[in-house]
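Spelled out, the chains give:
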Amino acid sequence: QVQLVESGGGLVQPGGSLRLSCAASGSIFSIVAMGWYRQAPGKQRELVARITSGGSTNYADSVKGRFTISRDNAKNTVYLQMNSLKPEDTAVYYCNFRSGWSGDYWGQGTQVTVSS
């Protein structure tokens, strides 16, 4: 069974940076998109950034210019570089792989806390 394993979360001061990684433990066929979502306490899960198989990207307005999503297809890995972090970026971050063949896969979530 394929699993998505996330890493890179933690505690960082405002203005700092973190890099999240998400790797698939097995093969996922026909990936159409990879993405990162986040969920803050008391709020709904929201899309942070997404990259398609064609390389197109889209970002939530709140992170544009600060976050960058990238991927390594050979490693079935997606990354999220987060710069200029703000307290409002505090949330559990989840990676998502969408397969045109077998649907959605989700990571277990990694906590990102931005606080002084």
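Anything mentioned here points back to the structure above.
Residues numbered from 1 in each chain as written. Predicted model: local features only at pLDDT ≥ 70, side-chain atom pairs only at ≥ 80, totals over all residues. Heavy atoms only, no water.

Chemist: For this particular structure, what's the right way to read the overall build of the chain?
Modeler: Regarding its fold elements, the chain presents zero helices and eleven strands. The helix and strand sequence of the chain, counted from the amino end, reads β-β-β-β-β-β-β-β-β-β-β. In terms of overall size, the chain behaves like a compact globule, its C-alpha atoms giving a radius of gyration of 14 Å where 116 residues would be expected to give roughly 13 Å. Taking the principal axes of its C-alpha atoms as reference, the chain extends roughly 45 × 25 × 25 Å. (Helix = DSSP H or I, 4+ residues; strand = E, 2+ residues; numbered from the N terminus. Rg over C-alpha atoms; globule rule 2.2 N^0.38 Å.)

Chemist: What am I meant to see in the sheet that holds strand S1 (residues 4-7) here?
Modeler: Hydrogen bonds between backbone groups are what pair the strands of a sheet, and the pairing can be parallel or antiparallel. What the four strands build is an open sheet, ordered S1-S3-S8-S7; its pairing is antiparallel. Because the sheet does not close on itself, it has two edges, and the strands there are S1 and strand S7 (67-72). Between one strand axis and the next, the sheet turns by 15° as a mean value, whatever way the strands run. Bridge count for S7 against strand S8 (residues 77-82) is six bridges, and the pairing is antiparallel. Looking at the pairing, Thr 68 lines up with Gln 81 of S8. (Pairing = 2+ DSSP bridges. Axes fitted to C-alpha atoms, helices over the stretch in contact; angles between N-to-C directions.)

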